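# Overview (structure and organization)
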Amino acid sequence: MATLINDFLKEAYKFLEEDDLPSLTILTTRDWSSYQPSQGKDLSYDEPPWTQEFNSPFLGMSPLEVASLLREEATFPPYKLERPDGDKVVSTEYCAILDHQTLSDRKTALIVRTRRELGENLPSELDHSPIVQCRMNWEDVEQSLAAWSIGDGSMEETLHTDLARLDMKYLLALSAATGALSQDWVIPSDGIDTEVALTVNGYDKHQTMIGGGCSGAFGVACDQFGASGLSPENQQKVTQYLFDENLGGLSILRNIITSTQSGSILQDCPATPSSPINYTWDGSDVCQVNLTKTALKYNPDLFIYADAWSAPGCFKTNKNESDGGFICGVRGTNCTYDWRQAYADYLVQYARFYKEKENVTISLLGAYNEPDFNPVSYSSMQSDGYQAKDFLEVLYPTVKEAYPELNVSCCDATGARQERNLLYELQKAGGGDLFDIATWHNYQSEAKEPFKDRTGGKPNMETEWSQGSQEFNPYWDVTGQEAEGFQWALYMHQGFTAGDASGWSYWWCSNNNTNDDVLIRLAGDDYYIAGRLWAFSSYYRFARPGATRVDASSNAEDVYVSSWVNTNGTVSMPVINAAHLTYDLSVDLLGLNVTKATAYLTDNTHNVTAMESFPINGSRFQATVEPRAMKVFFME
């Protein structure tokens, strides 16, 4: 760890002139009281500079707490030393914080502007301007600090403008907020034709939007609601970032119908299918009730997908809720009893508990999760399309009798190709009308063609995918790795345009771990937003549930475009530029009645930031799209 600190300090202060004051570096993640640098700041930076010992008064504090404390007192021991000219040895106007994410990614630090002098407020009527924070690469720390100034065009003003738009007082845990995280891979356009023609045809209509989503399954919802130290205030903020229409814009929440003994509504299995069944409801559902109700607070039209990974073990051939197995009663099984109706009743009872106990309406009910895959180690149940028909012919009428508006899914296969195969078998078996929405994951194969020939025109949506085996990657487009936001913008574009998907969900919403299987990483009472959430936001903030995708085309292979017409007539046109240069767009609009456009930019320096508004005269407009960026043109 000493090497990590040394590397950071060398990079952070290598730009200082000999007599310049370093900004204060604060370590908040461990007790460094035993760390004993040998000399002061005039030594070479092979060792940490300027102090004989470091007993941090900031241990365990959040960035906001650190900044607030620094505003109250200018110095702390041993920082009360003064040079002969009277200047303090350490400036506390800014601080660089090494936090949990620094230890995780070994690349970035959190920079905080800690105080204001009288008259230095940002443009505002407020007496006190926000404490501004951002995360950047180590080698850019000092250069970026030098660039922060009060006034038009400064980084602070830009961040403050974004805060005002979001109506938030503080910017917390913003990933990739400054240009320091840019790849800096932009080429000149000299000699290159930068003209790109886009066409949106409002007459050519496709699927209807359901939305984007995530899950709190397997207890991770408890992390989001305080089990690992997240405060009540930040529980609300994390959920708001995900589901608020003006932030993450997510509209789908996928809950697990738990089959393990500890969380199931069926604690004791009946002896036979005809025996009395005692269902129980604990009001928590492994924290999913809290997650659902809080998400509904920020999105009252939330689409709630309740999905079972497995039937209770006593309903299955292997007598175990994990390790695969089949529901007793489908072809290929040889059980003493047929448990299909009992399983159907169990699923409906789960929806009934939410309706009657929690006043929450489930939108979609599912009986399977990745039935083409046997993970052995967790809740699972196997099925092919023929066996799915045998169960759905019991489940579908049971659901419709209890709740006619409740949709039934099939069947959350591991990939788009695997789902198509399962639906093909379901059709052959005569079960094509026994579901309402086809659901699939993107792990083993992506959508390369529409599903309508396998669904009879019913909608389909991708309901789970992540790259959970990698370390948490918060960036938009820095390393080129598959977990970055730019890549996720392309994944969703592929699903919408090639697969006619009506929705797209990440795996977990948030979690207290260090992997890439979340949209927001939690670390105690801190949280870190991944760049991929801004890719979701770019689609789902502007194409709301009920929007219809209309045809859109580009004459450039590295410029991707789609378009959605909302129920109120507004139009969203997301444009993704995969090139390393700016393109000039010429956009033709057919069959759309719009007169104004606002452009929202997402790249390494912007998170769905409103850039400019302009009138649309007639059916054509000109615009630009920045390198390695996603720009949404919202028209009304």
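A brief structural summary. If you're wondering where the values come from, they're calculated on a predicted model, not measured in any experiment.

The topology assignment puts Asn320 in the loop between strand S8 (303–308) and helix H9 (340–358). Looking at Asn320, the relative accessible area reads 32%, which means it is partly exposed. Sequence spacing of Asn320 and Ser310 is 10 residues, and the spatial spacing of their C-alpha atoms is 9.2 Å.

In this structure, Phe243, Phe315, Tyr343, Leu347 and Phe391 are the most contacted members of the largest nonpolar core, which totals 106 residues. If one sorts the elements of this core by residue count, H9 sits on top with 10 residues. Viewed by domain, this core spans two of them, domain 2 (192–210 + 546–635) and domain 3 (215–466 + 477–508 + 536–542), each represented by three or more residues. With residues up to four places along the chain from it excluded, the contact list for Phe391 reads Ile327, Val330, Arg340, Tyr343, Ala344, Leu347, Ala367 and Tyr368. Ranked by size, the runner-up nonpolar core spans 29 residues in total, among them Val561, Tyr583, Ile616 and Ala623.

The next point concerns the pattern of salt bridges. In the structure shown here, the tally under the stated rule is 20 salt bridges. Of the charged contacts in the structure, one is a salt bridge between Asp338 and Arg340, with a shortest N-O distance of 2.8 Å. By relative accessible area, which is 36% here, Asp338 ends up partly exposed. On the basis of relative accessibility, which here comes to 14%, the residue Arg340 falls in the buried class. Residues joined in a network through salt bridges with shared partners are Arg254, Asp307, Asp412 and Glu464.

Look at helix H10 (residues 385–402): 25 Å from first C-alpha to last across 18 residues, which is about the 26 Å you get at 1.5 Å a residue. Along H10, the helix axis deviates most sharply at Leu392, where the bend reaches about 35°. Lining the buried residues of H10 we find H9, strand S9 (364–366), strand S10 (407–413) and helix H11 (416–428). Where H10 begins, one side-chain oxygen reaches toward the backbone nitrogen of Tyr386, 3.1 Å away; that side chain belongs to Asp384.

Below, the discussion takes up the packing of helix H13 (residues 485–497) against helix H14 (residues 531–540). At their nearest, the axes of H13 and H14 sit 7 Å apart, and the two run at 40° to each other. For H13 against H14, the interelement crossing comes out right-handed. The segment H13 lies against H14, with Gly485, Trp488, Ala489, Met492, His493 and Phe496 engaging Gly531, Arg532, Ala535, Phe536, Tyr539 and Tyr540. When its residues are assigned to classes, the contact of H13 with H14 shows eight nonpolar, three polar and one charged.

Position of Gln418 among the secondary structure elements: in helix H11. Among the polar contacts made by the side chain of Gln418, one reaches the side chain of Ser445 at a distance of 2.7 Å. With residues up to four places along the chain from it excluded, the contact list for Gln418 reads Asp372, Ala413, Gln444 and Ser445.

As a further point, take the pairing of strand S11 (residues 437–441). The element S11 is largely enclosed, with a buried count of five among its five residues. Along S11, one buried face is formed by Ile437, Thr439 and His441 and the opposite face, lined by Ala438 and Trp440, is buried too. Of the strand pairs in this sheet, S10 and S11 are connected by four bridges, and their pairing is parallel. By the bridge assignment, Ser409 is partnered in S11 with Ile437. With H11 bridging S10 and its parallel neighbour S11, the resulting β-α-β unit is right-handed. Across four bridges, the pairing between S11 and strand S12 (residues 460–464) is parallel.

Turning our attention to unusual backbone geometry. Of note, the amide linkage connecting Cys410 to Cys411 takes the cis form, showing an omega dihedral of -5°. Within the secondary structure layout, Cys411 lies in strand S10. A positive phi angle is found at Phe218, which is not glycine, with a value near 60°. Inspection of the secondary structure puts Phe218 in the loop between strand S6 (211–215) and helix H6 (220–224). The phi dihedral of Arg628 is positive, around 50°, even though this residue is not glycine. Checked against the element boundaries, Arg628 lands in the loop between strand S23 (620–625) and strand S24 (629–635).

A word on the state of the cysteines. All chains considered together, the criterion is met by five disulfides. A sulfur-sulfur distance of 2.0 Å marks the disulfide that ties Cys214 to Cys509. An S-S torsion of about 95° defines the bridge between Cys214 and Cys509 as right-handed. With Cys214 in strand S6 and Cys509 in strand S13 (residues 503–511), the pair connects residues that are 295 residues apart, well separated along the chain. There is a disulfide in this structure between Cys222 and Cys287, and the S-S distance comes to 2.0 Å. Torsion about the S-S bond of the Cys222 and Cys287 cystine: about 95°, corresponding to right-handed handedness. Remark: Cys287 occurs in the loop between strand S7 (252–257) and helix H8 (288–298) and Cys222 occurs in helix H6; sequence separation between them is 65 residues. Of the two residues examined, Cys222 and Cys287, each falls in the buried class. Of note for the chain: the bonded cysteines, numbered N- to C-terminal, pair according to 1-10, 2-4, 3-5, 6-7, 8-9.

Before going further, it helps to spend a moment on a nonpolar patch on the surface. Taken together, the side chains of Phe218, Phe373 and Tyr378 define a hydrophobic patch exposed on the protein surface, amounting to about 260 Å² of accessible area. Here Phe373 lies in the loop between S9 and H10.

So, about the pairing of S24. Here S24 lies mainly inside the structure; seven of its seven residues are buried. Side chains of S24 alternate between two faces, with Ala629, Lys631, Phe633 and Met635 and Met630, Val632 and Phe634 buried alike. Strand direction decides the pairing type here: strand S19 (residues 571–577) and S24, joined by seven bridges, are antiparallel. Bridge pairing in S24 places Val571 opposite Met635. Inspection of the sheet shows strand S21 (residues 596–603) paired to S24 by six bridges, in the antiparallel sense. When the bridges of S24 are listed, Thr598 appears paired with Phe634.

Cut-offs used in this document
Residues numbered from 1 in each chain as written. Predicted model: local features only at pLDDT ≥ 70, side-chain atom pairs only at ≥ 80, totals over all residues. Heavy atoms only, no water. Helix = DSSP H or I, 4+ residues; strand = E, 2+ residues; numbered from the N terminus. Buried < 20%, exposed > 50% of the residue type's maximum accessible area, 1.4 Å probe, protein only. Core = buried A, V, L, I, M, F, W, Y, C linked by side-chain atoms within 4.5 Å. Domains from an automatic or database assignment. Contact = heavy atoms within 4.5 Å. Salt bridge = Lys/Arg side-chain N within 4 Å of Asp/Glu carboxyl O. Expected span 1.5 Å × (residues − 1). Bend = angle between axes of the 7 residues up to and from the residue. Polar contact = N/O pair within 3.5 Å; in protein donor to acceptor, adjacent residues only side chain to side chain. Axes fitted to C-alpha atoms, helices over the stretch in contact; angles between N-to-C directions. Left-handed = near helix turned anticlockwise from the far one by under 90°. Nonpolar A, V, L, I, M, F, W, Y, C, P; charged D, E, K, R; others polar. Pairing = 2+ DSSP bridges. Right-handed = clockwise from strand over helix to strand, strands pointing away. Disulfide = S-S within 2.5 Å. Patch = residues over 30% accessible without salt bridge, like charges linked within 9 Å, V, L, I, M, F, W, Y side chains within 5 Å. Areas by Shrake-Rupley, 256 points an atom, 1.4 Å probe, with all protein chains shown as cover.

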